[in-house]
Amino acid sequence: MASILDEYEDSQNIRQSSQQHSRLSSANIGLTHSGFVNVRLEEEKPIFNKQRIDFTPPERINHLSVCNNQLCMSLGKDTLLRIDLAKPDQLNQTELGRKDDSKVYKLFLDPTGSHLLISLNTSECLYLNRNTQKVRSLSRWRGHLIESVGWNKLLGNETSTGPILVGTSQGIIFEAEISANEGSLFNTNPDQYFRQVHSLEEDGRPAPVCCLEIERSPENKYFIIATTRKRLFQFVGKVAEGSEQQGLSTIFSQNQDLLPSFQEFPVNMGYSEITFYTAKLRNFPKAFAWMMGNGVLYGQLDYIRPDSLLSDVQVWEYTPDIDISQNKPISIVLTQFHFLLLLHDRIKAICTLNGQVVYEDVFPDKFGPLKRMIKDPIGGLVWIYTERAVFRYHIQRESRDVWQMYMSMNKFDLAKEYCRDRPECMDMVLAKEAEYCFQNRRYLESAKCYALTQNYFEEIALKFIEAKQEEALKEFLLKKLNNLKQSERTQITLLVTWLTELYLNRLGQLESDDNSLIFQETRDEFRQFLSSSKHRDCLFNNRSTIYDLLASHGNVDDMVYFSVVMQDYERVISHYCQHDNFSAALDVLAKHCDEKLFYKFSPVLMQHIPKNVVNAWIQMGKRLDPKKLIPALMNYSQMGSAQQINETIRYMEFCVYELNVTEEAIHNYLLSLYAKYKPDSLLQYLRQAGTHPSEIHYDLKYALRLCAEHGFLQACVLVYRIMELHEEAVDLALQVDVDLAKSCADLPEDDEEMRKKLWLKIARHVVQEEKDVKKAMNCLSSCNLLKIEDILPFFPDFVTIDHFKEAICSSLEEYNKHIEELKQEMEEATESAKRIREDIQEMRNKYGVVDSQEKCAACDFPLLNRPFYLFLCGHMFHNDCLFQEVTPHLSAFKQNRLEELQKKLAATTQSSKSRHRPAQKEEGDTASLGKGVGATSREQIVSDIDDIVASECAYCGELMIKSIDKPFIDPQKFEQDKASWL
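Since the model is a prediction, treat every value here as computed from it, not as a measurement. Each chain has its residues counted from 1, following the order in which its sequence is written. Where totals are concerned, whole chains, interfaces and linings use all residues; where local detail is concerned, this predicted model gives features only for residues with pLDDT of at least 70, and gives and counts side-chain atom pairs only at 80 or more. The side-chain quantities take in all heavy atoms of the structure and omit both hydrogens and water.

(A) Highlighting the packing of helix H8 (residues 470-483) against helix H9 (residues 489-513). Orientation is described by lines fitted to C-alpha atoms, with helices fitted over the stretch in contact, and by angles between N-to-C directions that extend from 0 to 180 degrees. Comment: elements are numbered from the N terminus, with helices defined as DSSP H or I runs of at least four residues and strands as E runs of at least two. H9 packs onto H8 with a crossing angle of 150° between their chain directions and a minimal axis gap of 10 Å. The angle between H8 and H9 falls in the class roughly antiparallel. The way H8 lies across H9 gives a crossing that is left-handed. Every residue of H9 that contacts H8 at Glu470, Glu471, Leu473, Lys474, Leu477, Leu478, Lys480 and Leu481 is listed here: Ile492, Leu495, Val496, Trp498, Leu499, Leu502, Tyr503, Arg506 and Gln509. Tallied by class, residues from the contact of H8 with H9 come to eleven nonpolar, one polar and five charged. Angles below 35 degrees are treated as roughly parallel, those above 145 as roughly antiparallel, those between 65 and 115 as roughly perpendicular, and all remaining angles as oblique. Crossing chirality is assigned from the near helix's rotation relative to the far helix, an anticlockwise turn below a right angle marking it left-handed and a clockwise turn marking it right-handed. What makes two residues a contact is simply this: any of their non-hydrogen atoms within 4.5 Å. The residue classification treats Ala, Val, Leu, Ile, Met, Phe, Trp, Tyr, Cys and Pro as nonpolar and Asp, Glu, Lys and Arg as charged. All others, Gly included, are polar.

Here is the structure:
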């Protein structure tokens, strides 16, 4: 007893299990070419798995009821066994305490598993709550043999059943409510009330109420189903919101004026049973099955219908081995796709989809006849018991083979729904659906399905070709193409090319049929196919083939569209140019801004639409290289119209003035255009281009030759001035204007000799060519370098002095003034020299006082130990310390100079020591002279060294200021110094 639910005896019959399932390999669906291989690695588990409970009852089992994992069992005459299936080891045994001969007739357990009703064959009823051991009698129920109970799923809880319906053997339906509370002092009965609400009849006589079921729709409408031996009744009504607790009698009162809706069958086997199926996560049953004399009535529950709850009703007639006179069905249970019939020695499972018996299990005789079958609506297990044994069925993967049934019924959507996770089954369903649609001439749907299957591609394509269904073939190829992986390049190429051919054929047919609407739709579809991003790589790699196909069909418009999609703008522009549609070609150029295409097609476009082309060039701005456009410009600037020439000049001016192009070729070409067609702008351009050769971007020699060829003398003068050929500029300017020559003569500001020479040229020209003495005198006033004596030789001998009197006097006055200025300068120089000599003498006598305690500013050692330097700022340095401070900061040149002077100083010191050895008396004068010469040289070297090293204080002078951005430690010695600190 302790292991009642943990240990099982597997009594599954392998032979019956093999008959239960229809294997995929033997499925008669007429498909021979599937891409899947059906290999079973292990035996599939059966859908209906029977297990016997390892439990031997001490007494015979009379009745059993299960709900919400609560199992109640009636044993012998007076024993009740209750088991919580979540705690199977804890058994609860209760004695009914009946002393008479009454027996348990039926057990009724509510959906919560809390309330147990015990119907006795003596027309009495007992009540037992799950939380108590006390069996209580329902006094109001006495005198009625309870056949059925309709539980209230909405209001029932652990302490109260809420309003329920009770059916009796006399056809009376009562409404009642049971409470588990002890009640008040004057009312200790658990039954709160017990009142009749309706009665059922058959053939004019009361008939037992075999089953009762209460359901409420989402729209708050109540449905009550009651069955007798031959009839199934339906009661439909509404209960006011908030008044559900008041009872269900109003539903029957709403149907009093009308005859109750019922279905009747002729055969009576003495009882009937109805069962319902509720899917998981749902609160309402969705299907029903009613076992009665003629067979099993089953169907769906439709809560929307106003008059009846039952829909899609079918009747399954009993098989020949079921004889209602001797081998009656005992119980029925409904699952998702099957209903189970219990006979006295076996169980049968019938599929609700096709009415076929899919499973049959025969029980051994040793357990005795089967008594009843119950399904736990919460747990989903099916329980069967005999007087000496208890069995239960696990129903698993019930929908495993449902797809085949739906497929055989041509309900392909449902079949696909139940094999989504089984690709081999999905493939078979799709193939069958495709074949079905093909046979029914639904070719497009067939093509869509075929594209999803693994059937041979060639066979399917040939089927559509033989049927002359190009649209279906196209649909098949499109779907197949979309299902291919990017790595399957060969297949993609084949399908893309084939589809292109099909589209072009279709477009050609529609165009010849003059069906503009369908033609436009097909063209839009074709263009959408050509612009598909998914197959862009394939189209791009095989674009030459696509172009050939388009050309072979003469489809120019779509070829242009495809070129645009492939960004093959060169082909598009070439097409427009060949058809003289130059504006469209330019639009493509301007839209896509491809510089190479501009360079290639500009010559053609410039010939026909120069203004628009130049506008496009200007809009491109710096993205175009003007130098590469010169061939297009030069071609038509020489032989084109005035408009082309003007547009050429406009673009060149844009390049020069807006883009600031410095290419010499551009400026030279603009110069040539100005010289030939727009001479008024030539001089302005030259002036704006600059006056210094470094500012000029055109070739000066080319510009000079160009201006000379066209006779633009003033422009030539300007070029000469820029080339600094002043004599040539003045000579040429004198042919134009004397004032222009004067402006040229003043240009060499730093070369007075050249200026004088140029002015003399001008004066000679004025005197000899123009013979204008007054203008010649003006030359003297214009240039201060010319004197009267310079230009007198240019005048003829007969000219009188009266013309030069004023000029001669002015010249003499200037000479006198210049002499006075020279005298003043000489006096100032003499005074300055005198002051300098005095300062030198004063500096020689200047001195500073050094204390004996003074230390070197660099090494901090006593100063007087070694030769030192004293600066006016007060800093004092040893000779060698100052050298160490200053030398690293000197330039390379000064360091080399200092090293050279030090070597010379050392050499003079050595020679001076050698002279101190004894000498002949007669040689005294000579040695004395050499000593004097050596001392002078040594003093000069020391003075030069001081100028380099001691010209300023190392700490206060400019040297310290220049070294402010240098690090205190040499980066090359940083690591070494850092290590010394650690």
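On we go.
(B) How the structure looks around helix H10 (residues 516-530). The first and last C-alpha atoms of H10 sit 21 Å apart over 15 residues, in line with the 21 Å expected at 1.5 Å per residue. Only protein chains enter the accessibility calculation, which uses a 1.4 Å probe; a residue whose area is less than 20% of its type maximum is buried, one above 50% is exposed, and one in between is partly exposed. What H10 keeps buried is the set Phe519, Thr522, Arg523, Phe526, Phe529 and Leu530. Down the axis, H10 shows its buried residues gathered within 115° of arc, on one side only. Projecting away from the buried face of H10 at angles above 90 degrees are the exposed residues Leu517 and Gln528. Elements in contact with the buried residues of H10: H8, H9, helix H11 (536-541), helix H12 (543-552) and helix H13 (556-565). Each helix should span, by expectation, one fewer than its residue count multiplied by 1.5 Å. Arc definition: directions from the helix axis to the C-beta atoms.

(C) The environment of Ser148, seen in detail. With respect to the helices, strands and loops of the structure, Ser148 is situated in strand S11 (residues 146-150). When its relative accessible area of 3% is taken as the criterion, Ser148 is described as buried. It is 10.0 Å that separates the C-alpha atoms of Ser148 and Glu273, two residues lying 125 residues apart in sequence. Polar contacts here mean pairs of N or O atoms no more than 3.5 Å apart (in protein, one a potential hydrogen donor and the other a potential acceptor; neighbouring residues in sequence count only if both atoms are side-chain atoms). At a separation of 2.9 Å, a polar atom in the side chain of Ser148 contacts the main-chain carbonyl oxygen of Val209.

(D) The pattern of salt bridges, seen in detail. Salt bridges are counted wherever a side-chain nitrogen of Lys or Arg sits within 4 Å of a carboxyl oxygen of Asp or Glu. In this structure the tally under the stated criterion is 36 salt bridges. A salt bridge links Arg527 to Asp558; its shortest N-O distance comes to 2.8 Å. Within this pair, whereas Arg527 is found in helix H10, its partner Asp558 is found in helix H13, the two being separated by 31 residues in sequence. Residue Arg527 is classed as partly exposed on the basis of its relative accessible area of 22%.

(E) Highlighting the sheet that holds strand S23 (residues 295-301). Strand order in the open sheet formed by four strands is S21-S22-S23-S24, with antiparallel pairing between adjacent strands. Across the chains shown, the open sheet's two edge strands, defined by having one partner strand only, are strand S21 (273-277) and strand S24 (310-316). The average angle at which neighbouring strand axes cross in this sheet is 20°, direction not considered. Examined bridge by bridge, S21 and strand S22 (residues 287-292) share five bridges and lie antiparallel to one another. If you follow Tyr277 over to S22, its bridge partner there is Ala287. Two strands pair if DSSP finds at least two bridges between them.

(F) Up close: the nonpolar core. Among buried residues, those of type Ala, Val, Leu, Ile, Met, Phe, Trp, Tyr and Cys that are joined through side-chain atoms within 4.5 Å constitute a nonpolar core. Counting residues in each nonpolar core, the largest one holds 63 residues, and the members touching the most others are Ile573, Leu605, Trp617, Tyr651, Met652, Leu686 and Tyr698. Not counting chain neighbours up to four residues away, the residues in contact with Tyr698 comprise Glu664, His667, Asn668, Leu671, Tyr685, Leu686, Ala689, Ala703 and Ile722. Within the second largest apolar cluster, 41 residues are counted, among which are Phe464, Ile546, Leu549 and Phe562.

(G) Spotlight on the packing of helix H16 (residues 595-608) against helix H17 (residues 610-620). Between H16 and H17, the least distance of the axes is 8 Å, while the angle of their chain directions is 155°. It follows from the interaxial angle that H16 and H17 lie roughly antiparallel. Touching Glu595, Phe598, Ser602, Leu605, Met606 and His608 of H16 are Pro610, Val613, Val614, Ala616, Trp617 and Met620, all from H17. Residue classes in the contact of H16 with H17 are distributed as nine nonpolar, two polar and one charged.

(H) Highlighting the pairing of S23. Counting buried positions along S23 gives six out of seven residues, so the element sits mostly inside the fold. As paired elements, S22 and S23 share six bridges and run antiparallel to each other. Looking at S23, one finds that Met291 is bridged to Val296. Pairing of S23 with S24 involves five bridges; the strand directions are antiparallel. Across the sheet, Gln300 pairs through a bridge with Ser311, a residue of S24.

(I) Structural detail: the sheet that holds strand S18 (residues 221-227). With respect to topology, four strands assemble into an open sheet ordered S17-S18-S19-S20, the strand pairing being antiparallel. Only two strands of the sheet have a single neighbouring strand rather than two, namely strand S17 (211-216) and strand S20 (261-264). Between one strand axis and the next, the sheet turns through 15° on average, direction left out of account. Across seven bridges, S18 lies against strand S19 (residues 231-238) in antiparallel orientation. Considered in S19, the bridge of Phe223 is made with Val236.

(J) Molecular detail of the side chain of Ser217. The residue Ser217 is located in the loop between S17 and S18 in this model. What Ser217 contacts, discounting residues up to four positions off in sequence, is Phe223, Phe284 and Tyr303.

(K) How the structure looks around unusual backbone geometry. Positive phi values are uncommon outside glycine, yet Arg397 reaches one of about 50°. Take Arg397: its relative accessible area is 52%, and that puts it in the exposed class. Despite not being glycine, Asn660 has its phi angle at roughly 55°, a positive value. Judged by relative accessible area, which is 54%, Asn660 ranks as exposed.

(L) Structural view of a negative patch on the surface. Two distance rules govern patches: like charges are joined within 9 Å, and nonpolar side chains (Val, Leu, Ile, Met, Phe, Trp, Tyr) within 5 Å, applied only to residues with over 30% relative accessible area and no salt bridge. Only the protein chains shown count as cover for residues, and the accessible areas themselves come from Shrake-Rupley with a 1.4 Å probe. His residues and chain termini do not enter the charge count, which takes Lys and Arg as positive and Asp and Glu as negative. By convention, charge coordinates are those of NZ in Lys, CZ in Arg, CG in Asp, or CD in Glu. On the surface, Glu821, Glu825, Glu827 and Glu828 cluster together to form a negatively charged patch. For Glu821, the location among the structural elements is in helix H29 (residues 805-844).

(M) Fine view of the environment of Pro208. Tracing the backbone through its elements, the reader meets Pro208 in the loop between strand S16 (205-206) and S17. For Pro208, a relative accessible area of 14% gives the class buried. Each C-alpha atom of the pair Pro208 and Glu147 lies 7.1 Å from the other, and the pair is 61 residues apart in sequence. With near-sequence residues (within four places) excluded, Pro208 lies in contact with Glu147, Thr168, Ser169, Gly171, Thr227, Thr228 and Arg229.

(N) Structural detail: the pairing of strand S25 (residues 331-334). The alternating pattern of S25 places Ser331 and Val333 and Ile332 and Leu334 on opposite faces, both of which are buried. In this antiparallel pair of consecutive strands, S25 and strand S26 (residues 338-342), the connection spans three residues.

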